[in-house]
Amino acid sequence: MDAVSISDVHKSFPGHWGRGGVYAVKGVSLSITEGGVYGLIGPNGSGKSTLMKLLVGLLAPDAGECRVFGKPATAIANRREIGFLPENPYFYKFLTGFETVRFYGRLCGLRGAALQQRTQELLELVGLEDAANRRLRGYSKGMLQRIGLAQALVQNPRLLVLDEPTAGVDPIGSRTIRDIILNIKQQGVTVFLCSHLLEQVQEICDRVGVLYQGCLIAEGSMDELTRDDCHTEITLHHPTPEMLEQMRQLAGDSWQGCRAARNSLETVFLRGIQAKLREQGRA
């Protein structure tokens, strides 16, 4: 059984002052296998957040159907199955990290020793155990996003829905959140996320959908979407000029050129930070 099944969903919103309505989602259909990570990408205003709100039951579709673990998305029984982190979550800044997670745990029915244990587990999972007693007003954007992940996981959901989980987060915080999502996946939780960071989506998602003007214009596994059958890459470790010349001659007219491999700017940034930390550790 699929964790998520979205079938020919449409959603529109009425216009202002008698103007025509706006279609946010137009006939979208997709499915997510249980335990998988599905990434939704698209420009601002393409309908990503609307689709996620339909999935968690905050909105009802005009037509079509959203089902979560075989039940309609609006079913009350799904409330315990779904954890949701919106794009701009609101938290009470006067609470500490520990108090915030415990507050959401109480809302989900946890009490006593089970609540204390779950709160501590989640703070350790998101790497905030050392900041547990600090008030949220002193948290960075990345720390607030990690607290958001903790509150979304407090009731042990089977499906985690994340709307721009790394929005406004620096590269180090973004990589930390990526690692947390991969850890969550290893625990068997299904993850549905949207993000503007395409490289991050490519690293962690099993399948990806491309949404544009409310329509799903492309969908498939990472291999299906990124494969270029017209070109073949060959990776060599420290090739000599003579070896490259021999390969060029063998390739003939198929030779398209040769250049050194490139790392992403994120990789360069993180490697620099890691090197500096190692240097400080030796000092």
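In case you missed it, the structure is sitting above this.
Residues numbered from 1 in each chain as written. Predicted model: local features only at pLDDT ≥ 70, side-chain atom pairs only at ≥ 80, totals over all residues. Heavy atoms only, no water.

Focus: the overall build of the protein
- Along the backbone of the protein there are nine helices and ten strands.
- Taken over the C-alpha atoms alone, the protein extends approximately 70 × 60 × 40 Å along its principal axes.
- Burial statistics for the protein: of 283 residues in total, 38% are counted as buried.
- The contacts in the protein between residues at least 6 apart in sequence include a share of 65% that link residues at least 24 apart.
- Surface summary for the protein: the accessible area is close to 16,200 Å², and the carbon and sulfur share equals 51%.
- Positive and negative charge centroids in the protein, built from 32 and 30 side chains respectively, lie 10 Å apart. (Helix = DSSP H or I, 4+ residues; strand = E, 2+ residues; numbered from the N terminus. Buried < 20%, exposed > 50% of the residue type's maximum accessible area, 1.4 Å probe, protein only. Contact = heavy atoms within 4.5 Å. Areas by Shrake-Rupley, 256 points an atom, 1.4 Å probe, with all protein chains shown as cover. Lys, Arg positive; Asp, Glu negative; His and termini not counted. Charge placed at Lys NZ, Arg CZ, Asp CG, Glu CD.)

Considerations on the nonpolar core
- Formed by 38 residues in total, the largest nonpolar core has its most connected members in Leu 160 and Leu 193.
- Put simply, the parts of the chain that give this core at least two residues each are strand E3 (37-41), helix H2 (97-107), helix H3 (112-125), helix H4 (141-153), strand E7 (159-163), helix H5 (171-186), strand E8 (190-194) and helix H6 (198-204).
- In this structure Leu 160 touches Gly 83, Leu 149, Ala 152, Leu 153, Ile 184, Val 189, Thr 190, Val 191 and Phe 192, once residues within four positions along its chain are discounted.
- Counting 26 residues, the second-largest nonpolar core is a separate cluster that includes Ala 3, Val 25, Leu 40 and Phe 192. (Core = buried A, V, L, I, M, F, W, Y, C linked by side-chain atoms within 4.5 Å.)

Concerning the sheet that holds E7
- Strands sit in the order E6-E7-E8-E3-E9-E10 across an open sheet of six strands; the sheet is mixed. At either end of the open sheet lies a strand with only one pairing partner, and these are strand E6 (82-85) and strand E10 (215-221). Direction aside, the axes of adjacent strands within the sheet are offset by 15° on average.
- The sheet contact formed by strand E9 (residues 207-212) and E10 spans six bridges and is antiparallel. Paired with Tyr 212 across the strands is Cys 215, a residue of E10. (Pairing = 2+ DSSP bridges. Axes fitted to C-alpha atoms, helices over the stretch in contact; angles between N-to-C directions.)

Description of the packing of H3 against H4
- Direction vectors running N to C along H3 and H4 enclose 140°, while the axes themselves pass 9 Å from each other. Accordingly, the angle class assigned to the pair H3 and H4 is oblique. You can see that H3 and H4 cross each other, and the crossing is right-handed. In this structure, H3 uses Arg 118, Leu 122, Leu 123 and Leu 125 to contact H4, whose residues at the interface are Ile 147, Ala 150 and Leu 153.
- For the contact of H3 with H4, the residue count by class is six nonpolar, no polar and one charged. (Parallel < 35°, antiparallel > 145°, perpendicular 65-115°, else oblique. Left-handed = near helix turned anticlockwise from the far one by under 90°. Nonpolar A, V, L, I, M, F, W, Y, C, P; charged D, E, K, R; others polar.)

Section: the packing of H2 against H3
- In the contact formed by H2 and H3, the axes pass within 9 Å of each other and the chain directions differ by 125°. Relative to H3, the element H2 is oriented oblique. Here H2 runs over H3; the crossing is right-handed. Touching Gly 97, Phe 98, Val 101, Arg 102, Gly 105 and Arg 106 of H2 are Leu 115, Gln 116, Thr 119, Gln 120, Leu 122 and Leu 123, all from H3.
- Tallied by class, residues from the contact of H2 with H3 come to five nonpolar, five polar and two charged.

Side note on the packing of aromatic side chains
- Scanning the entire structure with this criterion turns up six aromatic pairs.
- For the pair Phe 91 and Tyr 104, a centre-to-centre distance of 6.4 Å together with 90° between the ring planes defines the contact as edge-to-face. Linking Phe 91 in the loop between E6 and H2 with Tyr 104 in helix H2, this pair joins segments that are 13 residues apart in sequence. Like Tyr 104, Phe 91 is buried.
- Each ring, one from Tyr 92 and one from Phe 103, has its centre 6.0 Å from the other, and the planes form 85°; the classification is edge-to-face. Here Phe 103 lies in helix H2 and Tyr 92 lies in the loop between E6 and H2, a separation of eleven residues in the sequence. (Phe/Tyr/Trp six-rings, centres within 6.5 Å; stacked < 30°, edge-to-face > 60°.)

Things to note about the state of the cysteines
- Taken as a whole and judged by the stated rule, the model has zero disulfides.
- Free of any disulfide, Cys 66 has its nearest neighbouring cysteine sulfur in Cys 194, separated by 15 Å.
- The thiol of Cys 194 is not disulfide-bonded; the next cysteine sulfur, from Cys 205, is found 10 Å away.
- Judged by relative accessible area, which is 0%, Cys 194 ranks as buried. (Disulfide = S-S within 2.5 Å.)

Notes on the environment of Val 161
- Mapped onto the fold, Val 161 is located in strand E7.
- Overall, Val 161 belongs to the buried group, its relative accessible area being 0%.
- Residues Val 161 and Lys 53, 108 residues apart in the sequence, show an inter-C-alpha distance of 9.3 Å.
- Beyond its immediate sequence surroundings of up to four residues, Val 161 is in contact with Met 52, Leu 55, Val 56, Ile 82, Gly 83, Phe 84, Leu 85 and Phe 192.

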